[in-house]
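Each chain is listed here by its residues.
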Amino acid sequence: MNDNINGLIKEDASLHKDCNLCSESSLKVGQRTDYGAVIVFRIGSSAEDSWFATLSPKTGGDPEQDFTIQLMPQAHLTHFCQVSNYPKLAENYGTAFSKVCNAMAGLMAAENKGFKVTSESKEDAVSMATYGKCTNWKEKKEHLHIKVFPFRGDIGQPYTVDSSFGRKEVHKDSGTGEEFVKMKPVRKVMIGKERFEKLANQLISLLNIK
Ligand SMILES: [Zn+2]
């Protein structure tokens, strides 16, 4: 194994003054970031074992129904491989992720009159997805952030790792001859103020039950 990997795994994760997520990482539940996100959950007792979650002010889905929760370590970790360095942080990730999923599914089910444990239709289903990526490529190396969101509408399209993406019809650009598959465009829109505040309050109470 290349010894340099240890340099990445054990990289300094202290607060970076130019990182926007580091600047949000010490905010308390209920406080708002410069971007307009609200802190809805925190877990851990020190910078080395803490995660925090925010409700994003924008969604790429339906602003009347959808929302995104973003989960971030308090420390400036830039790669998934670094989490194993802090066993309590790894443990708290499992707790944070499961709580966020529980709260999101609960809210989605409450808004869905046709909800059943096993849904007969795609429309009445509580479909969710998570997405996160990391790299040590200088240009894109950034504070880890993992998104959890309802997987439906334009956001709920098969992704490159899905077999259904591979089964999509392949088209050819008549000019360049380049191959491509079709996807619906996704545009992020602001969630209305009233709904955003209601959601933030609901999430805070669901996520912070002791
Ligand atoms: Zn950071």
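The model shown is predicted, which means the values in this text are computed figures rather than measured ones.

**Q** Can you walk me through the coordination of the zinc ion in this structure?
**A** Between any two of four tetrahedral donors, the ideal angle at the metal is 109.5 degrees; between two of six octahedral donors, it is 90 or 180 degrees. The protein atoms that coordinate the zinc ion are Cys19 (SG), Cys22 (SG), His76 (ND1) and His143 (ND1), at distances of 2.0 to 2.3 Å. Angles of 103 to 116° at the metal separate the 4 donor atoms of the zinc ion, which places the site in the tetrahedral class. Considered as a linear motif, the donors of the zinc ion on their single chain read C-x2-C-x53-H-x66-H. With Cys19 in the loop between helix H1 (4-9) and helix H2 (20-24) and His143 in the loop between strand S5 (128-131) and strand S6 (146-150), this residue pair connects regions lying 124 residues apart in the sequence. Residue classification places His143 among the buried positions, given a relative accessible area of 2%.

**Q** Help me understand the nonpolar core, please; the structure alone is not making it clear to me.
**A** Grouped burial of nonpolar side chains is what soluble globular proteins tend to show. Of all hydrophobic cores here, the largest spans 31 residues; its most connected members are Val40, Leu55, Phe67, Leu77 and Leu203. At 8 residues, the largest contribution of residues to this core is made by helix H3 (residues 87-110). Discounting chain neighbours no more than four positions away, the residues touching Leu55 are Ala37, Val38, Val40, Phe67, Thr68, Phe196, Leu199, Ala200 and Leu203.

**Q** I tried to follow the pattern of salt bridges on my own but got confused; where do I start?
**A** Think of it this way: side chains of opposite charge can pair up when their charged atoms draw near. Under the definition given, this model contains 5 salt bridges. Lys141 is paired through a salt bridge with Glu11; the nearest N and O atoms lie 2.6 Å apart. Taken as a pair, Lys141 in the loop between S5 and S6 and Glu11 in the loop between H1 and H2 lie far apart in primary sequence, 130 residues in all. For Lys141, a relative accessible area of 31% corresponds to the partly exposed category. In this structure, Arg32 and Glu197 form a salt bridge, with 3.6 Å as the shortest nitrogen-oxygen distance. With Arg32 in the loop between H2 and strand S1 (38-43) and Glu197 in helix H5 (residues 193-207), this residue pair connects regions lying 165 residues apart in the sequence. By relative accessible area, Arg32 is classed as partly exposed at 46%.

**Q** Can you help me understand the layout of surface pockets in this one?
**A** It is a probe the size of a water molecule, rolled over the atoms, that shows where empty space is left. Computed from the structure, the largest pocket encloses a volume of approximately 1,100 Å³. Residue lining of the largest pocket: 46 residues in total, with Thr68, Tyr131, Lys147, Phe149 and Lys188 positioned closest to the centre. Listing elements by their share of the lining of the largest pocket, those giving two or more residues are H2, strand S3 (58-59), S5 and S6. Residues belonging to the lining of the largest pocket are distributed by class as follows: 18 nonpolar, 16 polar and 12 charged. Volume-wise, the second largest pocket comes out at about 360 Å³. Lining the second largest pocket are 16 residues, with Lys122, Phe151, Arg152, Gly153 and Gly156 positioned closest to its centre. Residue classes in the lining of the second largest pocket are distributed as 4 nonpolar, 5 polar and 7 charged.

**Q** Looking at this structure, I do not really get the sheet that holds S6. What am I missing?
**A** Hydrogen bonds between backbone groups are what pair the strands of a sheet, and the pairing can be parallel or antiparallel. Here we have 5 strands laid out as an open sheet, ordered S1-S2-S4-S6-S5, and antiparallel in their pairing. At either margin of the open sheet sits one strand with a lone partner, and together these are S1 and S5. Across the sheet, the mean angle separating the axes of adjacent strands is 20° when strand polarity is ignored. Relative to the sheet, H3 contacts S1, strand S2 (51-55), strand S4 (69-73), S5 and S6, its axis offset from that of S6 by approximately 20°.

**Q** Which parts of the structure should I look at to understand the packing of H3 against H5?
**A** For any two helices packed against each other, one specifies the crossing angle of their axes together with the interaxial distance. Relative to each other, H3 and H5 sit at 130°, their axes nearing to 10 Å. As summarised for this structure, H3 and H5 are arranged oblique, according to the angle between their axes. Considering how the two elements wind past one another, H3 and H5 form a crossing that is right-handed. Of H5, the residues touching H3 (which contributes Lys99, Val100, Ala103 and Leu107) are Leu199, Gln202, Leu203, Leu206 and Leu207. The residue inventory of the contact of H3 with H5, partitioned by class, reads 7 nonpolar, 1 polar and 1 charged.

Thresholds applied
- Residues numbered from 1 in each chain as written.
- Predicted model: local features only at pLDDT ≥ 70, side-chain atom pairs only at ≥ 80, totals over all residues.
- Heavy atoms only, no water.
- Donors = N, O, S within 2.8 Å, 3.2 Å for Na, K, Ca; no water.
- Tetrahedral: all angles 85-135°; square planar, octahedral: opposite > 155°, others 65-115°.
- Helix = DSSP H or I, 4+ residues; strand = E, 2+ residues; numbered from the N terminus.
- Buried < 20%, exposed > 50% of the residue type's maximum accessible area, 1.4 Å probe, protein only.
- Core = buried A, V, L, I, M, F, W, Y, C linked by side-chain atoms within 4.5 Å.
- Contact = heavy atoms within 4.5 Å.
- Salt bridge = Lys/Arg side-chain N within 4 Å of Asp/Glu carboxyl O.
- 1 Å grid on protein atoms, 1.4 Å probe; cavity = no way out; pocket = protein on both sides within 12 Å on 5 of 7 lines; lining within 4 Å.
- Points joined across faces, edges and corners; volume = space filled by probe spheres on them.
- Nonpolar A, V, L, I, M, F, W, Y, C, P; charged D, E, K, R; others polar.
- Pairing = 2+ DSSP bridges.
- Axes fitted to C-alpha atoms, helices over the stretch in contact; angles between N-to-C directions.
- Parallel < 35°, antiparallel > 145°, perpendicular 65-115°, else oblique.
- Left-handed = near helix turned anticlockwise from the far one by under 90°.

On their own, these measurements won't tell you what the molecule is for.
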